[in-house]
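Examining the three-dimensional arrangement
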Amino acid sequence: AQERYASIRDKPAEALCGTVISLQMNAGLMADLPSLPSSGAEGVGLFRTELQFLTRNKVPRRGELAALYSRVMDAAGEKRVVFRTLDIGSDKVLPYMKPTEEPNPALGWRAIRVGLDKPGVMRMQLQALIRAANGRPLSVMFPFVAQLEEYTQARDHLLREMDREAALGHVLPETLQIGAMLETPSLAFAPRRFFEECDFISIGGNDLKQFFFAADRENERVRRRYDTLNVSFLTFLEQIVHRCGDTDTPLSFCGEDAGRPVEALCFAAIGLRTLSMRPASIGPVKSLIRRVDLREARAVINEARASGAQSVRPAVMEWLKRQG
Ligand code: PEP
Ligand code: MG
């Protein structure tokens with residue numbers, strides 16, 4: 001399939017109207033990195049760091065993690081890698097973590113909540129990232145932030161680790177970008193200061209959608225019940241685009257939906273400019289974006305919205321069919 005898109009691999013995802021969308025890839029293993037050149041991704045928009053923790057029977061050592069993160073950055077070369085700190089807890093219980101019984105694990109003690117309440121592992125991971133960068137640029141993103149203070153507290157941990165590493169004589173990253181994942185609806189309504197203080201924000205659409213519709217992403221009976229192109233959700237995403245636009249905060253979308261061409265097209269039409277997805281999705285998404293005028297797509301979406309449609313999908317599909 002990758003070969004089918006080889007001819008556009010080194011071309012930008014530029015729509016007919018001239019708007020260019022940055023397509024990035026999601027990764028989580030060293031083995032994913034060869035896809036960076038072969039897919040034509042412009043960077044790693046989301047590096048999930050859970051796997052190294054899940055596949056062992058004890059907490060990985062700092063040196064081990066630093067070596068791995070460094071190899072990831074080596075493989076990416078000039079391209080940016082956004083490392084997401086450990087997103088774990090509740091359902092994804094580490095074998096060496098005391099299991100906690102929770103009635104609703106998805107709403108429970110997970111991700112940044114664990115990182116802030118018991119910061120030992122997160123601090124170790126931040127140290128490993130700083131050492132891995134070793135003078136190169138570093139981008140760190142915190143998962144599952146639900147309010148401004150969680151972001152500022154996590155950022156303070158990172159800045160404190162920067163000071164400690166410097167005091168220990170380690171070379172600091174050339175630049176440091178700190179961001180948050182927006183995957184709880186509450187964060188979309190955070191004070192303006194949240195948007196100002198983030199160097200970048202990435203929408204975790206998988207979680208954001210499950211919380212927006214109150215539909216468990218793991219539950220087969222409900223997980224496909226609500227269309228991502230449902231007018232309510234799309235309008236919500238558009239509001240996030242506007243809030244980030246007001247503060248000039250770079251915004252991306254890194255949930256699975258970014259890798260579905262029609263969804264990706266609609267995200268671009270409502271103003272998202274960076275999408276991160278499975279490497280195999282980059283070709284198909286780019287191919288579609290290059291064939292359409294996003295202003296027209298936006299008009300189709302607005303018209304469907306005004307008509308009271310539940311989802312804009314039928315109208316967008318109809319319009320795409322007319323494009324040939
Ligand atoms: C998301 O929630 O959309 C996301 C990218 O994170 P994960 O799928 O790892 O929860
Ligand atoms: Mg998530």
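What counts and how
- Residues numbered from 1 in each chain as written.
- Chains lettered and ligands numbered in written order.
- Predicted model: local features only at pLDDT ≥ 70, side-chain atom pairs only at ≥ 80, totals over all residues.
- Helix = DSSP H or I, 4+ residues; strand = E, 2+ residues; numbered from the N terminus.
- Rg over C-alpha atoms; globule rule 2.2 N^0.38 Å.
- Buried ≥ 20, exposed ≤ 12 C-beta atoms within 10 Å, placed from the backbone.
- Contact = placed C-beta atoms within 7 Å.

Naming follows an unreviewed UniProt entry, where the protein appears as phosphoenolpyruvate--protein phosphotransferase of Roseicyclus marinus.

What follows deals with the overall build of the protein. Each helix and strand in the protein was counted, giving 14 helices and 9 strands. Against the compact-globule benchmark of 20 Å for 324 residues, the protein has a radius of gyration of 20 Å, which places it among compact chains. Principal axes of the C-alpha set define a box for the protein whose edges measure 60 × 45 × 35 Å. Relative to its 324 residues, the protein shows a buried fraction of 39%. The long-range fraction of contacts in the protein, counting pairs at least 24 apart against all pairs at least 6 apart in sequence, stands at 69%.

Positive phi is not limited to glycine here, since Asn134 has a value of about 45°. Mapped onto the elements of the fold, Asn134 is located in the loop between α5 (120-133) and β5 (138-145). According to the C-beta neighbour criterion, Asn134 is partly exposed, with 16 such atoms within 10 Å. Unusually for a residue other than glycine, Asp248 sits at a positive phi of about 55°. Following the sequence through the fold, Asp248 ends up in the loop between α10 (231-246) and β8 (251-253).

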